[in-house]
Amino acid sequence: EAGVAQSPRYKIIEKRQSVAFWCNPISGHATLYWYQQILGQGPKLLIQFQNNGVVDDSQLPKDRFSAERLKGVDSTLKIQPAKLEDSAVYLCASSGAGSVADTQYFGPGTRLTVL
Amino acid sequence: AQSVTQPDIHITVSEGASLELRCNYSYGATPYLFWYVQSPGQGLQLLLKYFSGDTLVQGIKGFEAEFKRSQSSFNLRKPSVHWSDAAEYFCAVGAGNQGGKLIFGQGTELSVKP
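Below: a short report on this structure.

What counts, and where the lines are drawn
- Residues numbered from 1 in each chain as written.
- Chains lettered and ligands numbered in written order.
- Predicted model: local features only at pLDDT ≥ 70, side-chain atom pairs only at ≥ 80, totals over all residues.
- Heavy atoms only, no water.
- Core = buried A, V, L, I, M, F, W, Y, C linked by side-chain atoms within 4.5 Å.
- Buried < 20%, exposed > 50% of the residue type's maximum accessible area, 1.4 Å probe, protein only.
- Helix = DSSP H or I, 4+ residues; strand = E, 2+ residues; numbered from the N terminus.
- Pairing = 2+ DSSP bridges.
- Contact = heavy atoms within 4.5 Å.
- Buried area = accessible area lost by both parts, 1.4 Å probe.
- Salt bridge = Lys/Arg side-chain N within 4 Å of Asp/Glu carboxyl O.
- Polar contact = N/O pair within 3.5 Å; in protein donor to acceptor, adjacent residues only side chain to side chain.
- Nonpolar A, V, L, I, M, F, W, Y, C, P; charged D, E, K, R; others polar.
- 1 Å grid on protein atoms, 1.4 Å probe; cavity = no way out; pocket = protein on both sides within 12 Å on 5 of 7 lines; lining within 4 Å.
- Points joined across faces, edges and corners; volume = space filled by probe spheres on them.

1. Some thoughts on the nonpolar core
Soluble, globular proteins show a tendency: their nonpolar side chains are buried together. If you look at the biggest cluster of nonpolar residues, it comprises 26 residues, and the most contacted ones within it are L19(B), W35(B), L47(B), L48(B), F74(B), L76(B) and Y89(B). Of all the secondary-structure elements, those providing two or more residues to this core are β2 (10–14), β3 (19–21), β5 (32–38), β6 (44–50), β8 (64–68), β9 (73–78), β10 (87–94) and β12 (108–113) of chain B. Counting 21 residues, the second largest nonpolar core, distinct from the first, contains V4(A), I13(A), V19(A) and F21(A).

2. Observations regarding the pairing of β6(B)
Across the seven residues of β6(B), five count as buried, placing the element largely inside the fold. As consecutive antiparallel partners, β5(B) and β6(B) are separated by five residues, and within that stretch G41(B) has a phi angle of approximately 75°, a positive value.

3. A word on the interface of chain A and chain B
With 23 residues of chain A at the interface, the matching set in chain B holds 23 residues. Counting the surface chain A buries against chain B, the share from its top three residues, P43(A), V100(A) and F106(A), is 34%. The interface formed by chain A and chain B includes zero salt bridges. At the junction of chain A and chain B, the tally comes to three residue pairs in polar contact (both at pLDDT 80 or more). Only β4 (31–37) and β5 (44–50) of chain A provide two or more residues apiece to the side of chain A that touches chain B. Here the residues of the side of chain A that touches chain B are counted per class, giving nine nonpolar, 12 polar and two charged.

4. Some remarks on the environment of D8(B)
All names here are of chain B. Its location among the elements puts D8 in the loop between β1 (3–5) and β2. With 14 residues separating them in the primary sequence, D8 and R22 have C-alpha atoms 7.2 Å apart. Other than its neighbours up to four places away in sequence, D8 contacts R22, G107 and T108. Polar side-chain contacts of D8 include one of 2.9 Å to the side chain of R22.

5. Brief notes about the layout of surface pockets
Counted as a void, the largest pocket has a volume near 500 Å³. Taken together, 23 residues line the largest pocket, and the ones lying closest to its centre are Q37(A), R111(A), Q38(B), P40(B) and G41(B). Sorting the residues of the lining of the largest pocket by element identifies β11 (110–114) of chain A together with β10 of chain B as the ones contributing at least two each. Here the element with the most residues in the lining of the largest pocket is β10(B); it accounts for three residues. Here the lining of the largest pocket is composed, by residue class, of nine nonpolar, 10 polar and four charged. Estimated volume of the second largest pocket: approximately 250 Å³. Around the second largest pocket, the lining comprises 16 residues; the ones closest to its centre are Y105(A), F106(A), G43(B), L44(B) and Q45(B). Of all the secondary structure elements, the ones that give two or more residues to the lining of the second largest pocket are β10 (105–106) of chain A together with β5 and β6 of chain B.

As far as function goes, none of this settles anything; it's purely spatial.
Listed below in structure tokens is the structure:
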């Protein structure tokens with residue numbers, strides 16, 4: 001079974017530029033998560049999708065971050081404009097359903113450096 | 001509010017020695033508890049989870065964890081560490097009424113001496 005795919009793996013941009021990350025979840029998984037992991041910290045949930053609807057985006061900085069999952073499969077996370085403090089690893093995860101009891105499977109992440 | 005504390009930022013153990021990683025949580029009801037491992041350049045992998053029942057939980061790679069409600073703890077243990085266990089370990093708590101949201105601790109980096 002293929003795992004969660006993410007691209008790119010690394011991205012370096014200057015502040016105020018825009019950037020987009022892509023995630024393809026495990027086939028058949030209805031729930032998709034985006035986490036932000038700042039160096040030295042644990043992952044923090046940014047947004048949770050159930051199919052193509054948003055379940056939780058309470059910690060997404062909506063003035064600069066946006067995410068979509070148009071067809072209920074893959075997803076894109078965008079930052080515009082980027083700030084220095086956005087430097088982090090962005091992890092995508094998927095699970096079969098949206099319950100906390102379901103195992104979340106994580107992709108390798110995209111490491112973003114904002115200069 | 002839910003929170004997770006991992007008191008040890010970095011631990012070094014000798015290969016073959018036993019290991020215990022500490023995790024304390026704050027949550028009003030019975031929590032859903034998880035341990036994940038993250039190797040360099042890789043995503044997180046679930047080691048084990050606890051929802052209810054037997055408070056001693058067995059996981060993959062020879063790991064186990066014990067839920068102690070009185071101490072609000074969920075410590076991870078392994079009787080004999082292998083060099084390949086060197087990685088970052090994260091404890092997480094989830095609330096059943098908040099979808100799949102997980103609150104992670106800050107992680108414990110494990111180094112293994114030969």
